[in-house]
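Examining the three-dimensional arrangement
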Amino acid sequence: MSTSALLLIALASVILLLLLVIKAKTHPFVALLIVSLLVAFTTGIPADKIVATIEKGMGGLLGHIASIIILGSMLGVLIEMSGGAESLAKAFTDKLGTKHAIAALTIVAFILGTPVFFEVGFIIIIPLIYGFSKVAKVSPLKYGLPMAGVMLTVHVSLPTHPGPAAAAGILHSDVGWLMLTGICVSILVGIVGYFVARAMNQRNYHLSINVFEQQQTAEVPELSLSAQQTRLPPPHALTIGGLIIVPIALIVSGTLCQALLSPHNAVRQLMTVVGTPPVALLISLGLASWLLGIRRRMSLKKLGEVTGSAIPSSADVILVAGAGGAFGGVLVASGIGNALAQALETIHLPLMPAAFLLSLVLRASQGSATVAILTTSGLLSQAVAELPPLQLVLVTLSTCFGALGLSHVNDAGFWVVTRYMGLSVPDGLKTWTVLTTIMGITGFLITWLLWFIL
């Protein structure tokens, strides 16, 4: 089949995927499987190999990310129920002073967002936003907008979350370098987002009456509900910070050991295992179970129930990611990936902006950052196959930052932020949509600059 025909099929498959998700309201898992089957048939993959190709693509990706998503969710649940978010917020506010409370809480949001999904994490910090905004007698937007922006940045750029983890699996980029580079770039993006949000908050926005009333009655949180019930104080901020930093440090250390030590070095061999994301998260979860659960007199049965409650909420993300892996597998087997690589070479569109723009368009069209990252990664998987490791990481990050921008009415995160902040749809588009787009472009530009430096 000709290159132009393969590219037309790729374009049609993306349009069909968008129509199924947006117009037909089909679940992304089902939509991705339908599109995968149709692409396989139309590109001439042998009938007896179609299902095997889909199973291979799905199974390979799920084996890479399922444990990461579930273990990260369990860690997030334990931090949530212990009152750890409030503890972090108070520690940073006390350290930086009340005048810098917004900056302090934004730092908390960055740390908390590392293991916790965006929507879940934002809902966790809502009591903090209301409580501190009441004390400061300011709009909750002054706290909520920069906090939400930095949490979404972490959600789309660090491989403790499904989109970046899946992209690393599809594009075969090194997770450790992706984590290290993603953290560094995300810090810069978060700083830009903080100042952009502060500029936006120079004007006053009309809040819904429900949010206004909640903010008036809110208290600065002292304890989480579970901590109040057991009459225990929340855990120390250093404990929570340590639990979040442990898996990151192990993953980065594993990568550095592989780069710096000889293959037969015992430390390298140990860190090769310990530094993998599932093992690193498992170690952190074990520490959290002891420090936040058993040591605080939680029964083993209750601990199992709490950590187990994270599994149902993870299932939807895992299924969508798996279907995205199936779609990516079909794109590779059909030859579409090679066709796209040739087309990019012909029109001289560099890989970095191509990855960013594809992801941005898909994000704007269908709403899901994870689907945008998965689809773009599948399309680019052949084009990046020969890249050196660090450039591969940068292309992955470019894809991820494309999915940060243009969050609007077809994105569940848009409704979570605007509803809890009390914003109307027009004001949400003027603030949240603009903020995420500026942050996404900033992340891409920093990453592209690194491409030329490295």
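Residues numbered from 1 in each chain as written. Predicted model: local features only at pLDDT ≥ 70, side-chain atom pairs only at ≥ 80, totals over all residues. Heavy atoms only, no water.

Brief notes about the confidence of the model for the protein chain
Parts of the model with low pLDDT should not have their predicted coordinates read in detail. Overall, the prediction assigns the protein chain a mean pLDDT of 82, with 89% of residues at 70 or greater. Within the model, the stretch residues 218-230 combines pLDDT values under 50 with 32 contacts to residues more than four positions away or in other chains. (pLDDT = per-residue confidence, 0-100. Contact = heavy atoms within 4.5 Å.)

Observations regarding the nonpolar core
As a rule of thumb, soluble globular proteins bury nonpolar side chains together. Judged by nonpolar contacts, the single largest core of 140 residues is most densely connected at F122 and W432. Considering each element in turn, this core owes the most residues, 15 residues, to helix 3 (residues 47-82). Sequence-distant contacts of F122, defined by excluding residues within four places in its chain, comprise I129, G144, A148, M151, V416, V417, Y420 and M421. (Core = buried A, V, L, I, M, F, W, Y, C linked by side-chain atoms within 4.5 Å. Buried < 20%, exposed > 50% of the residue type's maximum accessible area, 1.4 Å probe, protein only. Helix = DSSP H or I, 4+ residues; strand = E, 2+ residues; numbered from the N terminus.)

As for unusual backbone geometry
Look at R297: it is not a glycine, yet its phi comes out positive at around 65 degrees. By secondary structure assignment, the location of R297 is in the loop between helix 14 (277-293) and helix 15 (300-308).

A look at the side chain of S377
As for its position among the elements, S377 is in helix 19 (residues 369-380). Residues within four places of S377 in sequence aside, it is in contact with A167, I170, L171 and T399.

Remarks on the environment of A91
Note that A91 resides in helix 4 (residues 84-96). A sequence separation of 14 residues divides A91 from L105, and the C-alpha atoms of the two residues are 9.7 Å apart.

Thoughts on the packing of aromatic side chains
Here the structure, examined in full by the defined rule, presents 5 aromatic pairs. Consider the rings of W448 and F452, whose centres lie 5.8 Å apart with planes at 35 degrees: the pair is tilted. Highlighted residues: W448 and F452, both in helix 22 (residues 425-453), separated by 4 residues, approximately one helical turn. W448 sits in the partly exposed class, given a relative accessible area of 25%. Given the relative accessible area of 60%, F452 is considered exposed. Three or more aromatic residues joined by ring pairs make a cluster, and in this case those are F356, F444, W448 and F452. (Phe/Tyr/Trp six-rings, centres within 6.5 Å; stacked < 30°, edge-to-face > 60°.)

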